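These are the residues of each chain, in order.
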Amino acid sequence: MGKAKKRSLHLGINNRITNLSREDAVSEVIKLLKSKNCDNQRIYELITLFGMSAEELLEAGATYESVMSLQGIVKE
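In this text, all values refer to a predicted model and were calculated from it rather than measured experimentally.

Enquirer: Help me understand the overall build of the protein chain, please; the structure alone is not making it clear to me.
Expert: Broken down by element type, the protein chain carries 5 helices and 0 strands. Its helices and strands taken in sequence order, the protein chain reads α-α-α-α-α from the N to the C terminus. Expressed as a percentage of contacts within the protein chain between residues at least 6 apart in sequence, the contacts between residues at least 24 apart total 52%. Carbon and sulfur atoms form 51% of the exposed surface of the protein chain, whose accessible area is close to 5600 Å².

Right, here's the structure in full:
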């Protein structure tokens, strides 16, 4: 794969969250937490990017256990 193609693919991957609102990010985190194939890296990226709180995730529909598993990265 050439340098230009690598660069283009890399830019496409990083530009996928440029138009993501806070509400969309919260709903995506909830969806990822409920899925069986949980992408922890993506969850951590979204939570730290938007500075989500435990209360916010619980109000959006996350289970208490899943929020407590994220205790180190969510704001209290």
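From this point, the narrative continues.
Enquirer: Mind showing me how you'd approach helix α2 (residues 22–34) here?
Expert: In an α-helix, one turn spans 3.6 residues, which is why side chains three or four residues apart end up on the same side. The terminal C-alpha atoms of α2 lie 19 Å apart, and with 13 residues this matches the ideal 18 Å at 1.5 Å per residue to within 8%. Among the residues of α2, those classed as buried are Ala25, Val26, Glu28, Val29, Ile30, Leu32 and Leu33. Next to the buried residues of α2 lie α3 (40–50), α4 (54–60) and α5 (64–69).

Enquirer: I tried to follow the packing of α2 against α3 on my own but got confused; where do I start?
Expert: What describes two packed helices is the angle between their axes and the distance between those same axes. For the pair α2 and α3, interaxial distance at closest approach is 10 Å and the crossing angle is 150°. Viewed along their axes, α2 and α3 adopt a mutual orientation that is roughly antiparallel. In the crossing of α2 with α3, the sense of the turn from one axis to the other is left-handed. Contacts between α2 and α3 pair Arg22, Ala25, Glu28, Val29, Leu32 and Leu33 from the former with Arg42, Ile43, Leu46, Ile47 and Phe50 from the latter. Partitioned by chemical class, the residues of the contact of α2 with α3 number 8 nonpolar, no polar and 3 charged.

Rules and cut-offs
- What you see as residue numbers is a count from 1 along each chain, following the sequence as written.
- Local features are withheld for residues below a pLDDT of 70 in this predicted model, meaning they are given only at 70 or higher, and side-chain atom pairs are given and counted only at 80 or more; totals for whole chains, interfaces and linings count all residues.
- With hydrogens and water stripped out, all remaining heavy atoms of the structure feed into the side-chain values.
- Starting at the N terminus, helices and strands are each numbered in turn, a helix being any DSSP run of H or I of at least four residues and a strand any DSSP run of E of at least two.
- Any two residues whose heavy atoms approach within 4.5 Å are treated as being in contact.
- In this description, accessible areas are obtained by the Shrake-Rupley approach with a 1.4 Å probe, and a residue is regarded as covered only by the protein chains that are shown.
- The length a helix should cover is 1.5 Å for every residue beyond the first.
- For every residue, the accessible area (1.4 Å probe, protein chains only) is compared with the maximum for its type, and the residue is labelled buried under 20%, exposed over 50%, or partly exposed between those bounds.
- To define axes, lines are fitted to C-alpha atoms, for helices over the stretch in contact only, and angles between the resulting N-to-C directions are given on a 0 to 180 degree scale.
- Roughly parallel covers angles under 35 degrees, roughly antiparallel covers those over 145, roughly perpendicular covers 65 to 115, and oblique covers all other angles.
- Each crossing gets its handedness from the near helix: less than a right angle anticlockwise from the far helix is left-handed, clockwise is right-handed.
- Note on residue classes: Ala, Val, Leu, Ile, Met, Phe, Trp, Tyr, Cys and Pro are nonpolar, Asp, Glu, Lys and Arg are charged, and everything else, Gly too, is polar.

In short, the description is geometric, and any link to function would need to be established separately.
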